[in-house]
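Overview (structure and organization)
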Amino acid sequence: MSNNENSAGLAGVTAGKTAVCTVGKKGVGLTYRGYLIEDLAAKAEFEEVAYLMLYGELPTQSQLDAYKQRLIGMRGLPDAVKKALELTPGDAHPMDVMRTGASVLGTVEQENDPEAQQHDVADRLLASFPSMLLYWYHFTDSGKRIDVETDDDKIGGHFLHLLHGEKPSADATKAMSTSLILYAEHEFNASTFTARVVTATLSDFYSAVTAAIGALRGPLHGGANEKAMELIQTFEDADAAEKGLKEMMARKEKIMGFGHRVYKTHDPRNPIIKEWSKHFAGDDAYKRNLYEISERIEQVMWDEKKLFPNADFYHATAYHFLGIPTHLFTPIFVISRLTGWGAHIFEQRADNRLIRPNAEYVGPEIRDFRPIDQRGS
Ligand SMILES: CC(=O)SCCNC(=O)CCNC(=O)[C@H](O)C(C)(C)COP(=O)(O)OP(=O)(O)OC[C@H]1O[C@@H](n2cnc3c(N)ncnc32)[C@H](O)[C@@H]1OP(=O)(O)O
Ligand SMILES: O=C([O-])CC(=O)C(=O)O
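None of the values given here were measured: they were computed from a predicted structure.

1. Comments concerning the overall build of the protein
Within the protein, the secondary structure is distributed over 16 helices and three strands. Along the longest, intermediate and shortest principal axes, the C-alpha atoms of the protein span 70 × 55 × 50 Å. Taking all 377 residues of the protein together, the buried fraction comes to 51%. Once local pairs closer than 6 in sequence are excluded, the contacts in the protein between residues at least 24 apart make up 75%. In the form shown here, the protein has an accessible surface area of approximately 18,400 Å², with 50% of it arising from carbon and sulfur atoms. In the protein, 42 side chains carry a positive charge and 53 a negative one; their mean positions are 4 Å apart.

2. With respect to the pattern of salt bridges
Tallied over the entire structure, the rule returns 25 salt bridges. A salt bridge links K167 to D152, with the shortest nitrogen-to-oxygen separation between them at 3.2 Å. On the criterion of sequence distance, the pair formed by K167 in the loop between helix 7 (155–164) and helix 8 (170–183) and D152 in the loop between helix 6 (114–142) and helix 7 is long-range, its members being 15 residues apart. Here K274 makes a salt bridge to E295, at a shortest N to O gap of 3.2 Å.

3. Overview of the packing of aromatic side chains
As enumerated under the stated definition, the model contains 12 aromatic pairs in all. Residues F205 and F346 carry aromatic rings whose centres are separated by 6.1 Å and whose planes lie at 45 degrees to one another, so their mutual orientation is tilted. In this pair, F205 is assigned in helix 10 (residues 205–217) and F346 in helix 16 (residues 329–350), connecting sequence segments 141 residues apart. For F205, a relative accessible area of 0% corresponds to the buried category. Ring centres of F313 and Y314 lie 5.1 Å apart, and the angle between their planes is 85 degrees; on these two criteria the pair is classed as edge-to-face. The two residues F313 and Y314 agree in class, both being buried.

4. Observations concerning the site of ligand 2
Neighbouring residues of ligand 2: H186, N189, H221, H260, R269, F333 and R337. R269 has a polar side-chain atom sitting 2.7 Å from an oxygen atom of ligand 2. Look at ligand 2: alone it shows 270 Å² of surface, and the protein chains cover 83% of it.

5. A closer look at helix 4 (residues 79–87)
Inspection of helix 4 places V81, A84 and L85 among the buried residues, and these make up the whole buried set. For helix 4, the buried positions fall inside an angular range of 100 degrees around the axis, keeping them on one side. More than 90 degrees from the buried face of helix 4, the exposed residues found are D79, K83 and L87.

6. Quick word on the pairing of strand 1 (residues 21–25)
Pairing between strand 1 and strand 2 (residues 28–32): four bridges, direction antiparallel. Counterpart to T22 in the pairing with strand 2 is T31.

7. Some details on the packing of helix 9 (residues 190–200) against helix 10
One can describe the packing of helix 9 onto helix 10 by two numbers: an axis separation of 8 Å at closest approach and a directional angle of 150 degrees. It follows from the interaxial angle that helix 9 and helix 10 lie roughly antiparallel. For helix 9 against helix 10, the interelement crossing comes out right-handed. On the side of helix 9, the interface is formed by A190, S191, T194, A195, V198 and T199, while helix 10 contributes S207, A208, A211, A212, A215 and L216.

8. Details of the environment of L30
Following the sequence through the fold, L30 ends up in strand 2. On the basis of relative accessible area, L30 is assigned to the buried category, the value being 0%. A C-alpha to C-alpha distance of 30 Å links L30 and H93, two positions 63 residues apart in sequence. Sequence-distant contacts of L30, that is, excluding residues within four places in its chain, are made with C21, T22, V23, Y35, L36, I37, E185, H186, Y263, P268 and R269.

So, how was this worked out
Residues numbered from 1 in each chain as written. Chains lettered and ligands numbered in written order. Predicted model: local features only at pLDDT ≥ 70, side-chain atom pairs only at ≥ 80, totals over all residues. Heavy atoms only, no water. Helix = DSSP H or I, 4+ residues; strand = E, 2+ residues; numbered from the N terminus. Buried < 20%, exposed > 50% of the residue type's maximum accessible area, 1.4 Å probe, protein only. Contact = heavy atoms within 4.5 Å. Areas by Shrake-Rupley, 256 points an atom, 1.4 Å probe, with all protein chains shown as cover. Lys, Arg positive; Asp, Glu negative; His and termini not counted. Charge placed at Lys NZ, Arg CZ, Asp CG, Glu CD. Salt bridge = Lys/Arg side-chain N within 4 Å of Asp/Glu carboxyl O. Phe/Tyr/Trp six-rings, centres within 6.5 Å; stacked < 30°, edge-to-face > 60°. Near = heavy atom within 4 Å. Polar contact = N/O pair within 3.5 Å; in protein donor to acceptor, adjacent residues only side chain to side chain. Arc of directions from axis to C-beta. Pairing = 2+ DSSP bridges. Axes fitted to C-alpha atoms, helices over the stretch in contact; angles between N-to-C directions. Parallel < 35°, antiparallel > 145°, perpendicular 65-115°, else oblique. Left-handed = near helix turned anticlockwise from the far one by under 90°.

The analysis is restricted to geometry; functional conclusions fall outside its scope.
Here is the structure:
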């Protein structure tokens, strides 16, 4: 491990080894186990990428078919989880619902023998996260207890089916699959590093995942896609966005969905999801306006600050055009990133050492202790 001087936020510090992913490596912006994100997004299904993450190699056709069937069979929720979701308030943030759902499942289907169980636990969470989220969503919205076990073979299609109550179009399913691929993995980002820290204490898979969800929830990480949507919707048109953005920058406000700790000029995931956003905007006046507002924000951010959209920015309008409510955006990131977290949890377990860095002490020198009755009022 290197030990840099100015390492606030561990910026620039190499905190361990991984064979899962490269981020910002010259010439190859993002790779999962050696495969370019552009190839995976264009040519693979999300379930292939999930398999690559969790089992180490791309599946053959028969392995993929079997894997999809396995995931379909793992979508049901135990009664205890349903009851807990029914008791969770409708105004809870859906990321808290994901965290709670994962935690309750971990009490019912405990991981007591990681070596034997860890793949089952990872697949179970992957398969049942959409069920948890949308069971809670419909129950608290309308009191309806939905059947969470559709026969859609793709997780993205299954998600949209549960959300809207009808089978999605092929286009919508493809867009969701691409989105899930883009969000699946990103080296030592804050949530994955959190999962590894928890794992390194020899804790269980569910604890690592619930902690990771907590880290992903914040607007400096996964929560940025929701904040980006809220921002885009505050502007009437592109000109108003330009004016508003400049005022925000004058006030030194952060614009969510822009900038990145590792990428310095662009995020390779952005053009891929931007294309889907543009595709769904089409000629529809309302959607076109939101897309144009987004493009103007992108332009202003580059002209004024040389900051570029990260993976979250155009995910906002892409999801919005798919009819997904804004507060469900970051939970979709959870469904996808579970695969990356899983890969890192397995990798950490295979070559473990407690993660426990030092701190530079900046507090007071040793001083006299005064009993409480001598400290004044
Ligand atoms: C999928 C993901 O998790 S991608 C990241 C999602 N998060 C966001 O979009 C939140 C907005 N972006 C940010 O806050 C940051 O760019 C981060 C958190 C992604 C990276 O943070 P860091 O590497 O610590 O960079 P830091 O926040 O120090 O920014 C460096 C400089 O750029 C500025 N800057 C960075 N991002 C932004 C932004 N989105 N809006 C305005 N200014 C920004 C900072 O104010 C800072 O300026 P200064 O040097 O004048 O103080
Ligand atoms: O790598 C990061 O810091 C954040 C990010 O883009 C991700 O987790 O997808």
